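Descriptive structure summary
Okay, here's what each chain looks like letter by letter:
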Amino acid sequence: MRRKCLSVMLIISMLIILSVTAFSQEKYDYDILIKRGKVYDGSGEKDFRADVAVKDGIIVKVGKNIKGTAEKTIDARGLYITPGFIDLHTHVERGMYFPENMPCLNYLYQGVISVVVGQCGQSAWPIFEQAEDQMNRWMKNGIGPNAALLVGHGTVRQIAMGREERAPEPDELEKMKMLVNQAMEQGASGFSTGLIYVPGSYSKTDEVIELVREIAPYDGIYHTHIRNEAQNLIAAVKEAIEIGETAGVRVHISHFKVMGKSNWGSVEEACRLIEEARDRGLKITADQYPYEFSNGYPYTNIVPSGAWFNTRTAERLSRGDIESVFDHLRDEQLIDLYKKVTPYFPISERHRDFLDSLPRKRLVSFITPYLMSTGDFRGPENTRERMLFKQRLNDTGEAEKIKSLTSRYIESIGADNLIVGICVDREFEGKSLQEIAEMKGKPVIDTAIELHLMGARTIPLRMSEDDIEFIMKKDYVGTGSDGTAPFYGIGLPHIRSYSTFLHKIKKYAQERKTVTVQHVIRSQTSLPAEIMKWDDRGWIKVGYRADINVLDLKNIETKTSISNAHQYCNGVKYLLINGELVIDEGEYTGARPGEVLKLKNY
């Protein structure tokens, strides 16, 4: 009898617990209710006051004075509700491969909820993997932002034919087509090229067209780092248009700009070509990052390499020299060394199969950069090169050559456009070469050589503000940071990795008044969603995914500087990704609700 009573009591207790749980799950009308905010809905129109209600990851109501209860209510008085930002061009997959960086905090604190990865011809997964490997890893471990993956031309070319400077053989082209199709079948969103980088630069237009045709049946998008962004910008834009029109696909030009003072202004002709193509029916768009300097590692030497080192008087270590050092080792010995330095460890079965598939010459070429780099033996910190340079400075003829080449480099950029980013004399950081020369009371050329020998690094401003603003005003240009997911505090990345999206609002909409706030919001929300054909994101609308920013637009802080890029932004008070709160009162919650965004037609 006692056992029966205990059993009955246990059943009753379980029923009570279940009923309480069910009641707690059903007692709220909404998961999150954002009250009394001003809404920029993504349309490009002015803001309006409204509440926004979220349930099961979806925006279910937008309007004034929404009634009902919510598990969490956010008071957005004085704040602005916008769609979450979408970054059309990133390289964050490199850092997000590793669990430490999967949240991608530097982007969450900018209000970025979705990223497009696998740009500039480098697939969004390591060369020895497939698209589904990266997708499965991210879905298993969880990621901060949503991510769409591109297959890279340079990667498939390297798999099929290495880094050889020639046209592919028919069987090699077929292998590349197979790899592109494989990625698209697994859910990649499109194809990317880096036609300015090896091995993409070795390809001709017809090769790219043949490969881009492979994504047409999927309605994939072609993202391109065009072949030239300087004196041959116009020809490069024409090539991108030709590829899109011939292959019958959508085209997107990455980090649209022109570099080099002598080329400034040519973006107007480039835009005219794009707009004529759009009038003909080609779906062509672009993105930009709003900075005057480029490169993921923008810090350069002041004295150019041609002036620093005279190849006629001394030999310099080359990549071929390094490969010859390791070429005597057996394949297994090379692979054992590789295992000790590769970050992709332990070696997976697919990774090992890839290494075993490489011909001998290609295996040596693939592994040696992991073991030794020519960069380890170059620059003012290298005692041999430093000694040779100083000897040349003491030779009147050689000194004139050094100064002539260095002056020519400085003049091509402008001494006022060469900004010192890193220097042992901290007072010079953030100042131009021109300013420092005046502070020292010395000629610009002598100041440049002195700074170089001190190990100073400069950031050359190769783009003009006029061009940046001209491009920004175009309604077909979105935002793409071209940033990475660095390990916090490590290295010298471009500040765009930490501040692009809020910097664009603060500097160009609020301070310079180049464009309106609503124009910038559209360029970072509904426009990129339209470009990527995401019909359920990028808007504050009923039925759309609850990817939402709640911003303190009046108190945006972009704390990055050219001497310290590793600074998170302030201004994102709340951030929802797929309806889950990722930033709450300005602090990261630890959530990783991001999804892999596969191509809709897949």
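Further up the page is the structure itself.
One structure accompanies this document, and this report is about it. Numbers given for residues are sequential positions, taken from 1 along each chain in its written order. This being a predicted model, a pLDDT of at least 70 is required before a residue's local features are given, and a value of 80 or more before pairs of side-chain atoms are given or counted; all residues contribute to the totals for chains, interfaces and linings. Each side-chain value is derived from all of the structure's non-hydrogen atoms; neither hydrogens nor water enter the calculation.

Here we look at the side chain of T479
The helix and strand labels rest on DSSP assignments: H or I over at least four residues marks a helix, E over at least two residues marks a strand, and numbering proceeds from the N terminus. Looking at the element boundaries, T479 is found in strand β15 (residues 477–479). Three labels apply to residues, based on accessible area from a 1.4 Å probe with only protein chains included: buried if under 20% of the type maximum, exposed if over 50%, partly exposed otherwise in between. Residue class for T479 comes out buried when judged on its relative accessible area of 0%. What qualifies as a polar contact is a pair of N or O atoms within 3.5 Å, subject to a donor-acceptor requirement within protein and to the restriction that residues adjacent in sequence count only when both atoms come from side chains. Reaching out from T479, the side chain makes a polar contact with the side chain of K504 at a distance of 2.8 Å. Ignoring anything within four residues of it in the chain, the contact list for T479 reads I86, D87, L88, D287, Q288, T500, F501, K504, S523 and Q524. Contacts were defined at the residue level, with two residues in contact if any of their heavy atoms lie within 4.5 Å.

Here's the deal with the pattern of salt bridges
Here, a salt bridge means any side-chain nitrogen of Lys or Arg that lies within 4 Å of a carboxyl oxygen of Asp or Glu. Within the structure shown, the criterion is met by 41 salt bridges. When the shortest N-O distance is used, the salt bridge between R316 and E385 registers 2.9 Å. Placement of R316 in the loop between α10 (305–308) and α11 (319–326) and of E385 in helix α15 (residues 383–393) is noted, with a sequence separation of 69 residues between them. Its relative accessible area of 3% is what places E385 among the buried residues. Among the salt bridges present, the one from D327 reaches R360, with a minimum N-O distance of 3.5 Å. Placement of the pair is D327 in the loop between α11 and α12 (331–339) and R360 in helix α14 (residues 360–371), with a sequence separation of 33 residues. The partly exposed category is assigned to D327, whose relative accessible area is 42%. Taking the relative accessible area as the measure of exposure, R360 reaches 28% and is therefore partly exposed.

Observations concerning the state of the cysteines
We call a pair of cysteine sulfur atoms a disulfide whenever their separation is within 2.5 Å. Scanning the model with the defined rule gives zero disulfides in all. No disulfide involves C271; its sulfur sits 19 Å from the nearest other cysteine sulfur, which is in C120. Among the residues examined, C271 registers a relative accessible area of 1% and is labelled buried.

Remarks on a nonpolar patch on the surface
Where nonpolar side chains cluster on the molecular surface, the patch consists of F48, V62 and V542 and spans about 220 Å² of accessible area. Its place among the elements puts V62 in strand β3 (residues 58–63). Judged by relative accessible area, V62 falls into the partly exposed class, the value being 30%. Patch membership needs two things, relative accessible area over 30% and no salt bridge, and members are linked within 9 Å if like-charged or within 5 Å if nonpolar (Val, Leu, Ile, Met, Phe, Trp, Tyr). The protein chains shown are the only cover counted for residues, whose accessible areas, like all others here, come from Shrake-Rupley with a 1.4 Å probe.

Let's talk about unusual backbone geometry
Here the amide bond leading from V198 into P199 is cis, since omega sits at 5°, within 30 degrees of zero. Its location among the elements puts P199 in the loop between β9 (190–194) and α7 (205–212). Across the junction of F345 and P346, the peptide omega takes the value 5°, indicating a cis bond. Secondary-structure assignment places P346 in the loop between α12 and α13 (349–357). Unusually for a residue other than glycine, D219 sits at a positive phi of about 60°. Secondary-structure assignment places D219 in the loop between α7 and β10 (221–225). Given a relative accessible area of 26%, D219 falls into the partly exposed group. Positive phi, close to 60°, is recorded for K513, a residue that is not glycine. The exposure class of K513 is exposed, given its relative accessible area of 60%.

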